[in-house]
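Per-entry structural report
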Amino acid sequence: MLNLILFGPPGAGKGTQSEKIIAKYNLIHLSTGDLLRSEIQAGTELGLKAKTLMDQGILVPDEVVIGMIDNKLKEHRDAAGFIFDGFPRTVKQAEALDNLLASYNEGISVMVALSVDDDELLARLLNRGKTSGRPDDQNEELIAKRIQEYNSKTKPVADYYQKQGKFVAINGIGEIDFIFGEISNAIEAA
Ligand code: B4P
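Note that this is a predicted model, so its numbers are computed, not measured.

So, on to the layout of surface pockets. Reported here for the largest pocket is a volume of approximately 1,000 Å³. Lining the largest pocket are 47 residues; nearest its centre among them are G11, K14, R89, R128 and R134. Those elements that place two or more of their residues in the lining of the largest pocket are β1 (2-7), α1 (14-25), β2 (28-31), α2 (32-42), α6 (118-132), α7 (140-154) and α9 (176-189). For the lining of the largest pocket, a count of residues per class yields 19 nonpolar, 16 polar and twelve charged.

So, on to the nonpolar core. Formed by 30 residues in total, the largest nonpolar core has its most connected members in I5, F7, I69, L73, F84, L97 and Y161. Counting residues per element, the ones that place at least two in this core are β1, α2, α3 (45-54), α4 (62-75), β3 (81-85), α5 (91-102), β4 (110-115) and α8 (156-163). L4, V116, L125 and F180 belong to the second largest nonpolar core, which has 22 residues in total.

We now examine unusual backbone geometry. Following F87, the chain continues into P88 via a peptide bond in cis, with omega recorded as 0°. Assignment of secondary structure puts P88 in the loop between β3 and α5. One non-glycine residue, N26, lies in positive phi territory at about 60°. Within the secondary structure, N26 sits in the loop between α1 and β2. Residue classification places N26 among the exposed residues on the basis of a relative accessible area of 59%. The backbone phi angle of N105 is positive, close to 55°, even though this residue is not glycine. For N105, the position within the fold is in the loop between α5 and β4. Judged by relative accessible area, which is 74%, N105 ranks as exposed.

Geometrically, a pair of aromatic rings is defined through the distance of the ring centres and the angle of the planes. As enumerated under the stated definition, the model contains four aromatic pairs in all. Ring centres of F7 and Y150 lie 5.9 Å apart, and the angle between their planes is 45°; on these two criteria the pair is classed as tilted. Note that F7 is positioned in strand β1 and Y150 in helix α7, a separation of 143 residues in sequence. The burial state of F7 is the same as that of Y150; both residues are buried. For the cation-ring pair, K20 lies above F180, with the distance from its terminal atom to the ring centre recorded as 5.7 Å.

Moving on to the pattern of salt bridges. What the rule picks out here adds up to 15 salt bridges. For K20, the salt bridge is made with D177, and the minimal N-O distance between the two is 2.8 Å. Here the residue K20 occupies a position in helix α1, and D177 occupies one in helix α9, the gap between them amounting to 157 residues. Judged by its relative accessible area of 29%, K20 falls in the partly exposed class. Residue K51 is joined to D55 by a salt bridge in which the shortest nitrogen-to-oxygen separation is 2.5 Å. Take K51: its relative accessible area is 33%, and that puts it in the partly exposed class. On the basis of relative accessible area, D55 is assigned to the partly exposed category, the value being 29%. One connected set of salt bridges, linked through shared partners, spans R128, R134, D136, D137 and R146.

Viewed as axis vectors pointing N to C, α7 and α8 meet at an angle of 35°, and their least axial separation amounts to 6 Å. Only P156, V157 and A158 of α8 make contact with α7, whose side of the interface consists of N151, S152, K153 and T154. Within the contact of α7 with α8, the residues separate by chemical class into three nonpolar, three polar and one charged.

Our next topic: the sheet that holds β1. Spatially, five strands are ordered β2-β3-β1-β4-β5 in an open sheet, and the strand pairing comes out parallel. Pairing within the sheet leaves two strands with one partner each, and these edge strands are β2 and β5 (167-171). Mean inter-strand twist for the sheet, computed between neighbouring axes without regard to direction, equals 20°. In this structure, β4 lies alongside β5, joined through five bridges in parallel fashion.

Definitions and limits used
- Residues numbered from 1 in each chain as written.
- Predicted model: local features only at pLDDT ≥ 70, side-chain atom pairs only at ≥ 80, totals over all residues.
- Heavy atoms only, no water.
- 1 Å grid on protein atoms, 1.4 Å probe; cavity = no way out; pocket = protein on both sides within 12 Å on 5 of 7 lines; lining within 4 Å.
- Points joined across faces, edges and corners; volume = space filled by probe spheres on them.
- Helix = DSSP H or I, 4+ residues; strand = E, 2+ residues; numbered from the N terminus.
- Nonpolar A, V, L, I, M, F, W, Y, C, P; charged D, E, K, R; others polar.
- Core = buried A, V, L, I, M, F, W, Y, C linked by side-chain atoms within 4.5 Å.
- Buried < 20%, exposed > 50% of the residue type's maximum accessible area, 1.4 Å probe, protein only.
- Phe/Tyr/Trp six-rings, centres within 6.5 Å; stacked < 30°, edge-to-face > 60°.
- Lys NZ or Arg CZ within 6 Å of the ring centre and 35° of its normal.
- Salt bridge = Lys/Arg side-chain N within 4 Å of Asp/Glu carboxyl O.
- Axes fitted to C-alpha atoms, helices over the stretch in contact; angles between N-to-C directions.
- Contact = heavy atoms within 4.5 Å.
- Pairing = 2+ DSSP bridges.

The following block contains the structure:
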């Protein structure tokens, strides 16, 4: 099984690159951002709670996203592998993911981290906000809050996988296809 974590700050290109990776490697895409937005759209209780936090650029509680991932892993027991996009975002989520995968005798193959500077992230997200309708992409302060959440809660997840020898950093600035080529090289070396 190929189990890949695509990592990086908001706007680094995780969603963009995930689509290409899925097409090439036939993996199941698990984006906690997309899963939460579907809950919001369906008007569930979970969605209503998550929306309040997401609209402020704050991470939703670990238990919520871990539960969603657990359900999806159970749904796709016969998958060739998974791409985790936007998850894990805290060390607690990373530990939970390792435990969940271990219960299926599986583990993470590699974490690919896209690095992009803050000015470029802000420009990309404001640009996406013009068409995406996503409230969290439409305001500079909110985007700054998301980047701050990333720096304080999510960045340590990179060290967690670096200690396991599974971390590969890739420059996330440049042509989308070129970046995809670099990601493919990292996957094939894993
Ligand atoms: P996400 O949906 O994961 O949102 P994101 O990080 O903003 O998206 P992504 O990084 O995939 O965007 P992409 O680069 O593809 O999370 C939203 C919120 O949900 C979080 O703030 C949090 O509240 C909550 N949440 C989600 N997961 C959670 C978890 N595990 N725990 C707790 N809370 C969680 O795209 C950005 C833009 O850049 C696009 O317009 C794209 O076209 C452009 N772009 C991409 N690559 C480019 C390139 N190479 N050059 C130029 N532009 C590029």
